[in-house]
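Secondary and tertiary structure notes
In case you want the letters, here they are:
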Amino acid sequence: MFEAAPDSTSDLPVHPVRRSSGCPFSPPQAVRDLAAAAPVSKVQIWDGQEAWLVTDYTEARTLFGDARVSVDGALPGFPHLNEGMKALAAMAPRTMFNTDGEEHARYRRMLTKPFMIKRLDALKPVIQKYIDEHIDLMFDGGNSADLVQALALPVPSLAICELLGVPYEDHAFFQRGSAVGFSGDTSAEEHQEVTIGLLQYLMKLLDAKAEAPAEDMLSDMAELIRAGELQPWEGALEAVGMLVAGHETTANMIPLSVMALLERPDQLALIRDTEDPKVLGNAVDELIRYMSIVQTGQRRIALEDIEIGDLTVRAGEGLILDIPSANWDPGTFENPEELNLERPNAYLHLGFGFGRHQCIGLQLARLELGLVLQTLFRRLPGLRLGVPAEQIEFKLDSLVHGVRALPVEW
């Protein structure tokens, strides 16, 4: 049963649910304090607007699936992260990422084919090949490397390029676009500039795929465009979202997971030694729960009045669904601050969201993370940090939690 939110609005920083100090994997202390006081709190964001911060697992999961809750950032009252995000949302075309209901379902149906089990099974040996090749390069370079540049960034980039049908030699171009897109401090003009550049690039690729199709997502889109089911600009926009989001999240999960597992040799051994795909899959889910790398809250807006216990969220009021706090909710996850790769309910995490807007690429992300971690620890049994953990620089200005670099030795 919910308790009423405090009468006074809690003043939080501009980025109220971003990590700051203490344990790098935990929700920030300010949010943990709010969660301990009440499962839902009214907070004030950067522009003085008030919004509801949801830290309770059950309520966050329920709201993720509630049709009365919208992702449409163009609606008045939407709790944007900053001024740039707000300006960008006002001019953004309709895509899978900012629509609801049947409009969202239409876009989503068009993008499901590349993530079917058959496609992912075919992609698995290709990803394994990329992993082995990049670990070989690490060996060739000596006994130390920056894991971010050597493995964590290139492998997910190669995988999403393979899935989409994008030439990997262009990775520097779209990785810059990804960095801008996930920065919490980028202006609307910068967002618009990189988005237009990516759109032009992908529309050219869609034209090429129409002439010479292959077994990839852009070819699927080109077929839909030719059939009149999708406009070229719609296909390019959806591809931009997949290209940017498809590698940035996994690229950040890999080094964070390595850091956490190096602190817990017993947990590391479980991933390294298991031959059971279910055990590995559960371990990956627990890492995703523990890290909760989407660190600025999933932003939503109420379309109708919604009763949450004793509270009423009014139509037009903003909601911030805080994934890190929900995934560390002791009411759902026993001893949530403990990394337990054998946790029986790890699969319940909200790291990919939940409901209609759940991450469409979740199975690809789980596959990549499991393959990378198991291969890395098997091939480099003496892997260790190359600098003291307190010297690692974290991304405090990004929508996605991660590290700038991860020096390792073996």
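How each quantity is defined
- Residues numbered from 1 in each chain as written.
- Predicted model: local features only at pLDDT ≥ 70, side-chain atom pairs only at ≥ 80, totals over all residues.
- Heavy atoms only, no water.
- Salt bridge = Lys/Arg side-chain N within 4 Å of Asp/Glu carboxyl O.
- Buried < 20%, exposed > 50% of the residue type's maximum accessible area, 1.4 Å probe, protein only.
- Helix = DSSP H or I, 4+ residues; strand = E, 2+ residues; numbered from the N terminus.
- Polar contact = N/O pair within 3.5 Å; in protein donor to acceptor, adjacent residues only side chain to side chain.
- Contact = heavy atoms within 4.5 Å.
- Phe/Tyr/Trp six-rings, centres within 6.5 Å; stacked < 30°, edge-to-face > 60°.
- Lys NZ or Arg CZ within 6 Å of the ring centre and 35° of its normal.
- Axes fitted to C-alpha atoms, helices over the stretch in contact; angles between N-to-C directions.
- Parallel < 35°, antiparallel > 145°, perpendicular 65-115°, else oblique.
- Left-handed = near helix turned anticlockwise from the far one by under 90°.

Description of the pattern of salt bridges
Under the definition given, this model contains 23 salt bridges. One salt bridge in this structure joins lysine 42 and glutamate 50, with 3.7 Å as the shortest N-O distance. Judged by its relative accessible area of 22%, lysine 42 is partly exposed. One salt bridge connects arginine 68 with aspartate 66, and the closest N-O pair in it is separated by 2.8 Å. Salt bridges sharing partners connect three or more residues here, namely Lys113, Arg119, Glu215 and Asp220.

With respect to the side chain of arginine 119
As for its placement among the helices and strands, arginine 119 is situated in helix 5 (residues 117-140). What makes arginine 119 buried here is its relative accessible area of 12%. Polar side-chain contacts of arginine 119 include one of 3.1 Å to the side chain of glutamate 215. Once residues lying within four places of it in the same chain are set aside, the contact partners of arginine 119 are Lys113, Pro114, Glu215, Asp216, Met217 and Asp220.

Brief notes about the packing of aromatic side chains
Tallied over the full model, the rule gives four aromatic pairs. Ring centres of phenylalanine 25 and tyrosine 290 lie 5.6 Å apart, and the angle between their planes is 40°; on these two criteria the pair is classed as tilted. Highlighted residues: phenylalanine 25 in the loop between strand 1 (10-11) and helix 1 (29-37) and tyrosine 290 in helix 13 (residues 277-291), separated in sequence by 265 residues. Each member of the pair, phenylalanine 25 as well as tyrosine 290, carries the same accessibility label: buried. Arranged with centres 6.3 Å apart and planes meeting at 85°, the rings of phenylalanine 139 and tryptophan 410 form a pair that is edge-to-face. Highlighted residues: phenylalanine 139 in helix 5 and tryptophan 410 in the segment after strand 11 (407-409), separated in sequence by 271 residues. Classification of tryptophan 410 by relative accessible area gives buried; the value is 17%. Members of the aromatic cluster, each reached through a chain of ring pairs, are Phe25, Tyr290 and Trp328. Geometry around tyrosine 107 places arginine 106 over its ring, the cationic atom sitting 5.0 Å from the centre.

Some details on the packing of helix 5 against helix 7 (residues 154-164)
Two numbers describe how helix 5 lies on helix 7: the axes approach to 10 Å, and their chain directions differ by 150°. Relative to helix 7, the element helix 5 lies roughly antiparallel. Note that helix 5 runs across helix 7; the crossing there is right-handed. Seen from helix 5, the contacting residues are Leu123, Val126, Ile127, Tyr130, Ile131 and His134; seen from helix 7, they are Pro154, Val155, Leu158, Ala159, Glu162 and Leu163.

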